[in-house]
Amino acid sequence: MGSGWSSEEERQPLLGPGLGPAPGAAWRSRGEAAAAAVVLPAAAPSPGRVYGRRWLVLLLFSLLGFVQGLVWNTWGPIQNSARQAYGFSSWDIALLVLWGPIGFMPCFAFMWLLDKRGLRITVLLTSFLMVLGTGLRCIPISDLMLKRRLIHAGQLLNGLAGPTVMNAAPFLSTTWFSADERATATAIASMLSYLGGACAFLVGPLVVPAPNGTAPLLASENSRAHIKDRIETVLYAEFGVVCLLFSATLAYFPPRPPLPPSVAAASQRLSYRRSFCRLLSNLRFLMIALAYAIPLGVFAGWSGVLDLILTPVHVSQVDAGWIGFWSIVGGCVVGIAMARFADFIRGMLKLILLLLFSGATLSSTWFTLTCLNSITHLPLTTVTLYASCILLGVFLNSSIPIFFELFVETVYPVPEGITCGVVTFLSNMFMGVLLFFLTFYHTELSWFNWCLPGSCLLSLLLILCFRESYDRLYLDVVVSV
């Protein structure tokens, strides 16, 4: 399997003699791998061993992703208060959010670092960037112009941490977890970043009061000072949590366990250059990558302007925020549940994605037709809008860890970080294209609603035509026998 793409050195396993398959078995065809498994000595010990500390590693990485998402979405839920306290313009608020996708521009550098130097170095660099970013936002300066620049710089540094926390989850799960726990670990590590962004809708408004535009001048000045103090309380708290996580990862975050948990974890991967050649020449990977990138990119852009989309149907900004919050929370819960199911019933990733995107297509069509109630005469109520939007978010967000696992299975032995980095970069690219069009057609957003069911239906067709394979799972199940 893939022997034409790898050198002799790359085909050597990390395990020593007697601890795993014969050299080169990971890259042979399935028939040859099965034959190699048959001739293994009966007394050879199993190459898989898991350690209890794997849950601590997963916890640290997941908390890092949670805080990164929380810091990224600090300003959106309190944008009116931030405008009054720091003099932010609408462009400033938009740019503070865009630093997250912009931070994905050097994602290939982080993928190279993960491939060459391993998980510990990459995570330490990521957490250090977050420390610098959150620290810059806390520097006490009276000059508002300089303060705004420091805040922007801090958000950019936090955005640079995005490629690791969003892409390294499958790498971590393969390195530390057995084959029957990998999907669950991937779901927990990848979903916590989204959950952090959702929790910002709770933390910010609960701590920072909204401005009072009708107050007298003196009261307005006092209110501005009070709002600024409360915002700085949030900034200092986030800085403290990031420093604590950085100290914890510095104290204990091993790059790998003493013994690998599976045959796949013990085998060498393709080189960085060969990995890109494999990905770009694999039509099945390109098909499933588009099935992920297009609808998730459209949904991300759509979620960013959800309050504007719902304004014509008389839904307030607060209600739009709650819809976004519950759709992300529901997606995280369902995504972890689906991943656990995938661990119990192996080889069902395509079927799970078909079910999820069938639901996403129906719910997005329901929402779009509801917004056109003057033509369709469907009931337009708060309940129907909440239900359709939340269901759409649940179906799409919960598909992310399932997609990640399917990507890795499809192109194994390409390293997990490189595989997921490419598809996440594609998703951000589609979101950027949509946001570019929105700058020209922001006055009329009804066309954007039709992009959702269209992208979900296209993804559903691509998944339906996709021929799944489980090369990594096959290696673990057959070769380790």
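As annotated in an unreviewed UniProt entry, the protein is Solute carrier family 49 member 4 isoform X2 from Balaenoptera acutorostrata. Quoted verbatim from the Subcellular location (unreviewed entry) field of UniProt, the annotation for the protein is "Lysosome membrane".

## Description of the overall build of the protein
Within the protein, the secondary structure is distributed over 23 helices and 0 strands. Among the 481 residues that make up the protein, the fraction classed as buried is 54%. Contacts in the protein between residues far apart in sequence, at least 24 positions, make up 84% of those at least 6 positions apart. Of the roughly 19,900 Å² that the protein leaves accessible, carbon and sulfur atoms contribute 71%.

## Structural notes on helix 13 (residues 272-281)
Listed as buried for helix 13 are Tyr-272, Ser-275, Phe-276, Arg-278 and Leu-279. The arc enclosing the buried residues of helix 13, seen along the axis, measures out at 160°, which places them on a common side. For helix 13, the exposed residues set more than 90 degrees away from the buried face come down to Arg-273 and Leu-280.

## Some details on a nonpolar patch on the surface
A surface patch of nonpolar side chains, amounting to about 320 Å² of accessible area, comprises Leu-56, Leu-59, Leu-63 and Tyr-252. Residue Leu-59 is classed as partly exposed on the basis of its relative accessible area of 46%.

## Description of the packing of helix 2 (residues 54-72) against helix 9 (residues 169-176)
Following both chains from N to C, one finds helix 2 and helix 9 inclined at 170°, their axes separated by 10 Å at the closest point. Between helix 2 and helix 9, the angle falls in the class roughly antiparallel. Contacts between helix 2 and helix 9 involve Arg-54, Val-57, Leu-58 and Phe-61 from the former and Ala-169, Leu-172 and Trp-176 from the latter. When its residues are assigned to classes, the contact of helix 2 with helix 9 shows 6 nonpolar, no polar and 1 charged.

## Topic: the pattern of salt bridges
Within the structure shown, the criterion is met by 6 salt bridges. Note that Arg-269 and Glu-416 form a salt bridge whose closest N and O atoms lie 2.7 Å from each other. In this pair, Arg-269 sits in the loop between helix 12 (263-266) and helix 13 while Glu-416 sits in helix 21 (residues 416-438), placing the two residues 147 residues apart along the sequence. Exposure remark for Glu-416: the relative accessible area of 2% places this residue in the buried category. Across the pair Arg-340 and Asp-343 runs a salt bridge, and its minimum N-O distance is 3.5 Å. Linking Arg-340 with Asp-343, this pair stays in helix 16 (residues 317-344), spanning 3 residues, or about one helical turn. The exposure class of Arg-340 is partly exposed, given its relative accessible area of 31%. In this structure, a network of salt bridges that share partners links the residues Glu-405, Glu-409 and Arg-472.

## Quick word on empty space enclosed by the protein
Rolling a probe over the atoms, with the probe sized like a water molecule, indicates the empty space that remains. Within the structure shown, the criterion is met by 4 cavities of 30 Å³ or more. Approximately 140 Å³ is the volume found for the largest cavity. What lines the largest cavity is a set of 15 residues, among which Ala-342, Asp-343, Glu-405, Glu-409 and Leu-473 lie closest to the centre. Secondary structure elements with two or more residues in the lining of the largest cavity: helix 10 (182-207), helix 16, helix 20 (399-411) and helix 23 (471-479). Split by residue class, the lining of the largest cavity holds 8 nonpolar, 1 polar and 6 charged. In this structure, the second largest cavity spans a volume of roughly 50 Å³.

## Focus: the nonpolar core
Membership of the largest hydrophobic core comes to 68 residues, with the highest contact counts inside it found for Tyr-292, Trp-302, Leu-310 and Phe-403. Broken down by element, the residue count for this core peaks at 10 residues, all from helix 14 (residues 283-304). Listed in part, the 26 residues of the second largest apolar core include Val-57, Leu-64, Ala-161 and Phe-253.

## Topic: the side chain of Thr-126
Of note, Thr-126 is situated in helix 6 (residues 119-137). Not counting the four nearest positions on each side in its chain, Thr-126 is found in contact with Leu-64, Phe-110, Ala-161, Thr-164 and Val-165.

Calculation notes
- Residues numbered from 1 in each chain as written.
- Predicted model: local features only at pLDDT ≥ 70, side-chain atom pairs only at ≥ 80, totals over all residues.
- Heavy atoms only, no water.
- UniProt positions renumbered as here; feature names shortened; annotations may be inferred.
- Helix = DSSP H or I, 4+ residues; strand = E, 2+ residues; numbered from the N terminus.
- Buried < 20%, exposed > 50% of the residue type's maximum accessible area, 1.4 Å probe, protein only.
- Contact = heavy atoms within 4.5 Å.
- Areas by Shrake-Rupley, 256 points an atom, 1.4 Å probe, with all protein chains shown as cover.
- Arc of directions from axis to C-beta.
- Patch = residues over 30% accessible without salt bridge, like charges linked within 9 Å, V, L, I, M, F, W, Y side chains within 5 Å.
- Salt bridge = Lys/Arg side-chain N within 4 Å of Asp/Glu carboxyl O.
- Axes fitted to C-alpha atoms, helices over the stretch in contact; angles between N-to-C directions.
- Parallel < 35°, antiparallel > 145°, perpendicular 65-115°, else oblique.
- Nonpolar A, V, L, I, M, F, W, Y, C, P; charged D, E, K, R; others polar.
- 1 Å grid on protein atoms, 1.4 Å probe; cavity = no way out; pocket = protein on both sides within 12 Å on 5 of 7 lines; lining within 4 Å.
- Points joined across faces, edges and corners; volume = space filled by probe spheres on them.
- Core = buried A, V, L, I, M, F, W, Y, C linked by side-chain atoms within 4.5 Å.

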